[in-house]
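# Results of the structural survey
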Amino acid sequence: MGTVEAVSRSGRHSFTKPTEEGITLLAHLGVEGDAHAGELVKHRSRVRRDPTQPNLRQVHLMHAELHDELAALGFPVAAGQLGENVTTRGVDLLGLPTGTLLHLGEEAVVEVTGLRNPCPQIDAFQDGLLRHVVGRDERGNVVRKAGIMSVVLVGGRVRPGDTIRVQVPATPHTPLQPV
């Protein structure tokens with residue numbers, strides 16, 4: 001079990017999203033009033049490639065523990081500033097397999113689709129930040145820390161303080177890949 005620390009949304013394509021008292025998740029669409037909501041891809045670079053792709057990035061979740069880690073390195077980051085819709089605490093988001101269901105609050109359920117692939121806009125937000133959210137492990141594999149993406153299966157209201165219940169799919173598990 002984890003908790004929702006903050007929720008954010010923006011009706012325009014902006015890097016940061018202001019925090020809200022609550023957001024409404026809409027089944028098969030995403031966050032009501034967010035520029036990335038919709039059944040088809042909304043991320044600008046993906047729309048340019050193929051606007052008919054399904055939107056696997058309806059809701060972006062990021063662990064507050066990353067914010068803590070970045071602050072300790074001299075990069076203060078608040079909820080929503082890296083573009084996430086839901087800031088969590090107490091859930092190992094990056095360790096979840098694809099297809100994990102996250103029950104957010106009393107009603108909403110999202111299905112984890114993959115990792116967020118951080119872009120150079122992060123350095124425009126704070127110079128040098130990108131190297132701390134994308135790196136390499138001891139074997140040389142790329143490690144992406146900037147959260148996970150999901151789609152909404154069951155809509156509902158999500159607020160700070162809500163509990164997060166994790167429902168891992170049956171094995172074999174598929175590790176998260178960038179979406």
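Above this text you will find the structure in question.
## Some thoughts on the packing of aromatic side chains
Within the structure shown, the criterion is met by one aromatic pair. Taking 5.7 Å as the distance between ring centres and 40° as the angle between the ring planes, the aromatic pair formed by Phe15 and Phe125 counts as tilted. Placement of the pair is Phe15 in the loop between β1 (2–8) and β2 (19–20) and Phe125 in helix α3 (residues 121–125), with a sequence separation of 110 residues. Residue classification places Phe125 among the partly exposed residues on the basis of a relative accessible area of 26%.

## Considering the nonpolar core
Formed by 22 residues in total, the largest nonpolar core has its most connected members in Leu25, Leu102 and Ile148. No other element matches strand β8 (residues 108–115), which puts four residues into this core. For Leu102, the residues in contact, after removing those within four places along its chain, are Leu61, Leu93, Leu96, Ala108, Val109, Val110, Val112, Ile148, Ile164, Arg165 and Val166.

## Brief notes about the environment of Ser8
The residue Ser8 is located in strand β1 in this model. Linking Ser8 and Glu21, residues 13 residues apart in sequence, is a C-alpha distance of 8.5 Å. The contact partners of Ser8, leaving out residues within four places of it in the chain, are Lys17, Pro18, Thr19, Glu20, Ile23, Ala79, Gly80, Glu84 and Asn85.

## Section: the pattern of salt bridges
Counted under the stated rule, the structure contains six salt bridges. A salt bridge links Asp34 to Lys17; the nearest nitrogen and oxygen atoms lie 2.8 Å apart. A residue pair is termed long-range when its members are at least 10 positions apart, and Asp34 in the loop between β4 (30–31) and α1 (44–49) and Lys17 in the loop between β1 and β2 qualify at 17 residues. Overall, Lys17 belongs to the buried group, its relative accessible area being 6%. Among the ionic pairs, Lys145 bridges to Glu69, the shortest N-O distance being 2.7 Å. Separated by 76 residues along the polypeptide, Lys145 in the loop between β10 (142–144) and β11 (148–154) and Glu69 in helix α2 (residues 64–72) bring together distant segments of the chain. Residue Lys145 is classed as partly exposed on the basis of its relative accessible area of 25%.

## Description of unusual backbone geometry
The residue after Thr171, namely Pro172, is reached through a cis peptide bond having omega 5°. Looking at where Pro172 falls in the secondary structure, it is placed in the segment after β13 (163–167). Phi angles above zero are rare outside glycine, and His28 is one such case at about 70°. A relative accessible area of 47% means that His28 is categorised as partly exposed.

## Points about α2
Taken as a whole, α2 has its buried residues at Ala64, Leu66, His67 and Leu70. Axial view of α2: buried residues confined to an arc of 150°, hence all on one face. Elements in contact with the buried residues of α2: β1, β5 (59–63), β6 (86–89) and α4 (130–133). Note on α2: the residue one or two positions beyond its end, Gly74, has a positive phi of about 95°.

## Overview of the environment of Asn141
Topologically, Asn141 is positioned in the loop between β9 (134–136) and β10. Its relative accessible area of 38% is what places Asn141 among the partly exposed residues. Along the chain, Asn141 and Leu129 lie twelve residues apart, while their C-alpha atoms are 19 Å from each other. Residues in contact with Asn141, not counting those within four places in the same chain, are Gly135 and Arg136.

## A closer look at the side chain of His67
Counting through the fold element by element, His67 comes out in helix α2. A distance of 3.4 Å separates polar atoms of two side chains, one belonging to His67 and the other to Glu84. Once you skip the residues sitting within four places of it in the chain, His67 turns out to touch Met62, Val77, Ala78, Ala79, Glu84 and Thr87.

What counts, and at which threshold
- Residues numbered from 1 in each chain as written.
- Predicted model: local features only at pLDDT ≥ 70, side-chain atom pairs only at ≥ 80, totals over all residues.
- Heavy atoms only, no water.
- Phe/Tyr/Trp six-rings, centres within 6.5 Å; stacked < 30°, edge-to-face > 60°.
- Helix = DSSP H or I, 4+ residues; strand = E, 2+ residues; numbered from the N terminus.
- Buried < 20%, exposed > 50% of the residue type's maximum accessible area, 1.4 Å probe, protein only.
- Core = buried A, V, L, I, M, F, W, Y, C linked by side-chain atoms within 4.5 Å.
- Contact = heavy atoms within 4.5 Å.
- Salt bridge = Lys/Arg side-chain N within 4 Å of Asp/Glu carboxyl O.
- Arc of directions from axis to C-beta.
- Polar contact = N/O pair within 3.5 Å; in protein donor to acceptor, adjacent residues only side chain to side chain.

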